[in-house]
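Read off the chains here:
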Amino acid sequence: MPSQYASPTTKSKLRILITTAQSNGELLKIELENQPNDIGPPSHYHPDQEETFTVIEGRLALKVAGKEFELGPGESATAKKNEAHTFWNPSQYVVRFTSEHRPARGFEGFITSLYDLDYDGKTNAEGSPDLLQLMALFKARNGEQFLEAAPQFLQRMGIAVLGRVGLMLERPASYVSKRREEGE
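Given the structure is predicted, the values throughout are model-derived calculations rather than measurements. (Residues numbered from 1 in each chain as written. Predicted model: local features only at pLDDT ≥ 70, side-chain atom pairs only at ≥ 80, totals over all residues. Heavy atoms only, no water.)

What follows concerns the sheet that holds strand β10 (residues 95-102). Ordered in space as β1-β2-β3-β10-β5-β8, the 6 strands form an open sheet in which the pairing is antiparallel. Two strands close off the open sheet at either side, each with one partner strand: β1 (4-6) and β8 (76-79). Mean inter-strand twist for the sheet, computed between neighbouring axes without regard to direction, equals 20°. In the sheet, strand β2 (residues 13-18) pairs with strand β3 (residues 28-34) via 5 bridges, with the strands oriented antiparallel. Each bridged residue has a counterpart across the sheet, and for Lys 13 the counterpart in β3 is Glu 33. Lying over the sheet, helix α1 (residues 107-119) contacts β1, β2, β3 and β10, oriented at roughly 150° with respect to β2. (Pairing = 2+ DSSP bridges. Helix = DSSP H or I, 4+ residues; strand = E, 2+ residues; numbered from the N terminus. Axes fitted to C-alpha atoms, helices over the stretch in contact; angles between N-to-C directions. Contact = heavy atoms within 4.5 Å.)

Time to look at the packing of helix α2 (residues 131-140) against helix α3 (residues 152-168). Closest axis-to-axis distance for the α2/α3 pair is 7 Å, and the angle between their directions is 110°. Considering the angle they form, α2 stands roughly perpendicular to α3. Crossing geometry of α2 relative to α3 is assigned as left-handed. When α2 is examined against α3, the residues Leu 131, Leu 132, Met 135, Ala 136, Phe 138 and Lys 139 are found in contact with a partner set consisting of Gly 158, Ile 159, Ala 160, Leu 162, Gly 163, Arg 164, Val 165, Gly 166 and Leu 167. For the contact of α2 with α3, the class distribution of residues is 10 nonpolar, 3 polar and 2 charged. (Parallel < 35°, antiparallel > 145°, perpendicular 65-115°, else oblique. Left-handed = near helix turned anticlockwise from the far one by under 90°. Nonpolar A, V, L, I, M, F, W, Y, C, P; charged D, E, K, R; others polar.)

Remember, this is a structural readout, not a statement about activity or role.
Spelled out as structure tokens, the structure:
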């Protein structure tokens, strides 16, 4: 599997530094490059994972457990299990940073699926797949991450129902771009 991914919509880039398989599931380490003023993901949390961010170049804004702050090159911050977090690029310059998920669980398949769906034009103007596709991806990784904005039990119910509908309507539980794999 190639280790580099690109989003035509957001112009962000993803590089896998340590795969889930290489670490026997203990760690997924990725490098992200986000463009100026990139808004990042909605605030979310991982019940069984911690995520550590380390800036390589530029400035990265984070909100972890309700506290907003910025990191510069060489600085790190960790969102512990169940701590809501998000990140974004607050500047007019590119930011490059690593993200480490411990344990890796299914996050590698989730993030690469999102990038590949975007690569193949199967996302909206913001680079997000349709709701049924997103729920199919979440269903395959049952309970690995939740949005901060809604109660977990409602999200679990929505993922169970809409994820099943998505799968029935042939939205895949994971997605690999044949175009990207073939170097198009």
